[in-house]
Amino acid sequence: MPQTSAAPQRLKLRPETFGQAFPRLRESRPGWLPEDVFASITSTEEEYSILCPQEVVPPGVPRIEGLRVLSIQPGGQMIFEVMRNIDEDLTKKEIPVVATSNPRTDLGFMVVSDGDLPAVRALLAEAGHTLEEPDGAPARPGT
């Protein structure tokens, strides 16, 4: 695959394996969710879900497990454009991705399945991006 039109980016793989929980009770931040973990709460008329480390979700709470989070902070480029370009590359390879960002901090997060991680690593490397592993080492494409 040719490189994307976006400048090469450095993404970081968070060390945790995440889950998406679907609590029955809507709370701004459930008591079982520690304050010091990465979490993203989605609350709409149709859905209430929490993306968080899967090990903190209590037994009995419906969930999807085996998700990984990549963080990106493009520095000087619009986060939406950078994430759109990477998302398009992943979508072309039929790799599902969910993305969220904070334009105030220019920080974005992409959620992929743990099972898709080898293909994500290879695709990012092929597109000229760097995926930093949780231990700080560069990604091992295709592993």
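Structure: above.
### Digging into the nonpolar core
Argument step 1. L70, I86 and L90 are the most contacted members of the largest nonpolar core, which has 18 residues in total.
Argument step 2. Looking at this core, the elements that each hand over two or more residues are β1 (10-13), β5 (63-72), α1 (79-92), β7 (107-113) and α2 (117-126).
Argument step 3. Counting residues per element, this core draws most heavily on α1, which supplies five residues.
Argument step 4. Apart from residues no more than four positions distant in its own chain, I86 is found in contact with L11, I72, M110, L124 and H129.
Argument step 5. Judged by nonpolar contacts, the second largest core, of eight residues, contains A21, L33, Y48 and V56.

### Remarks on unusual backbone geometry
Argument step 1. Even without being a glycine, E94 presents a positive backbone phi close to 60°.
Argument step 2. By secondary structure assignment, the location of E94 is in the loop between α1 and β6 (98-102).
Argument step 3. Among the residues examined, E94 registers a relative accessible area of 70% and is labelled exposed.

### Observations regarding the pattern of salt bridges
Argument step 1. In the structure shown here, the tally under the stated rule is seven salt bridges.
Argument step 2. Note that R84 is salt-bridged to E88, the shortest N-O span being 3.6 Å. Placement of the pair is R84 and E88 together in helix α1, with a separation of four residues, close to one helical turn.
Argument step 3. Exposure remark for R84: the relative accessible area of 44% places this residue in the partly exposed category.

### Section: α2
Argument step 1. Here α2 has its buried residues at L117, V120, R121, L123 and L124.
Argument step 2. Tucked into the core, α2 has its buried residues touching β1, β5, α1, β7 and β8 (130-132).
Argument step 3. At the C-terminal side of α2, G128 shows a positive phi close to 95°.

### A closer look at the environment of T42
Argument step 1. Positionally, T42 belongs in strand β3 (residues 40-43).
Argument step 2. Between the C-alpha atoms of T42 and F22, which are 20 residues apart in sequence, the distance is 9.9 Å.
Argument step 3. Discounting residues that sit within four places of it in the chain, T42 has contacts with E47, Y48 and S49.

### Some remarks on the packing of aromatic side chains
Argument step 1. As enumerated under the stated definition, the model contains two aromatic pairs in all.
Argument step 2. Seen in terms of ring centroids, F18 and F38 are 5.5 Å apart; in terms of plane orientation they differ by 85°. Their pairing is edge-to-face. Here the residue F18 occupies a position in strand β2 (residues 18-21), and F38 occupies one in the loop between β2 and β3, the gap between them amounting to 20 residues.
Argument step 3. Exposure remark for F18: the relative accessible area of 0% places this residue in the buried category.
Argument step 4. For F38, a relative accessible area of 14% translates into the label buried.
Argument step 5. Counting every residue linked through ring pairs, the aromatic cluster contains F18, F38 and F109.

### Regarding the layout of surface pockets
Argument step 1. Here the largest pocket is characterised by a volume of approximately 270 Å³.
Argument step 2. In terms of lining, the largest pocket is formed by 17 residues, of which the most central are Q20, L51, L67, V98 and V111.
Argument step 3. Taken together, the elements giving at least two residues each to the lining of the largest pocket come down to β3, β4 (48-53), β5, β6 and β7.
Argument step 4. Across the lining of the largest pocket, the residue classes break down as ten nonpolar, six polar and one charged.

Criteria and cut-off values
Residues numbered from 1 in each chain as written. Predicted model: local features only at pLDDT ≥ 70, side-chain atom pairs only at ≥ 80, totals over all residues. Heavy atoms only, no water. Core = buried A, V, L, I, M, F, W, Y, C linked by side-chain atoms within 4.5 Å. Buried < 20%, exposed > 50% of the residue type's maximum accessible area, 1.4 Å probe, protein only. Helix = DSSP H or I, 4+ residues; strand = E, 2+ residues; numbered from the N terminus. Contact = heavy atoms within 4.5 Å. Salt bridge = Lys/Arg side-chain N within 4 Å of Asp/Glu carboxyl O. Phe/Tyr/Trp six-rings, centres within 6.5 Å; stacked < 30°, edge-to-face > 60°. 1 Å grid on protein atoms, 1.4 Å probe; cavity = no way out; pocket = protein on both sides within 12 Å on 5 of 7 lines; lining within 4 Å. Points joined across faces, edges and corners; volume = space filled by probe spheres on them. Nonpolar A, V, L, I, M, F, W, Y, C, P; charged D, E, K, R; others polar.

Everything listed here is a matter of geometry and, on its own, says nothing about what the molecule does.
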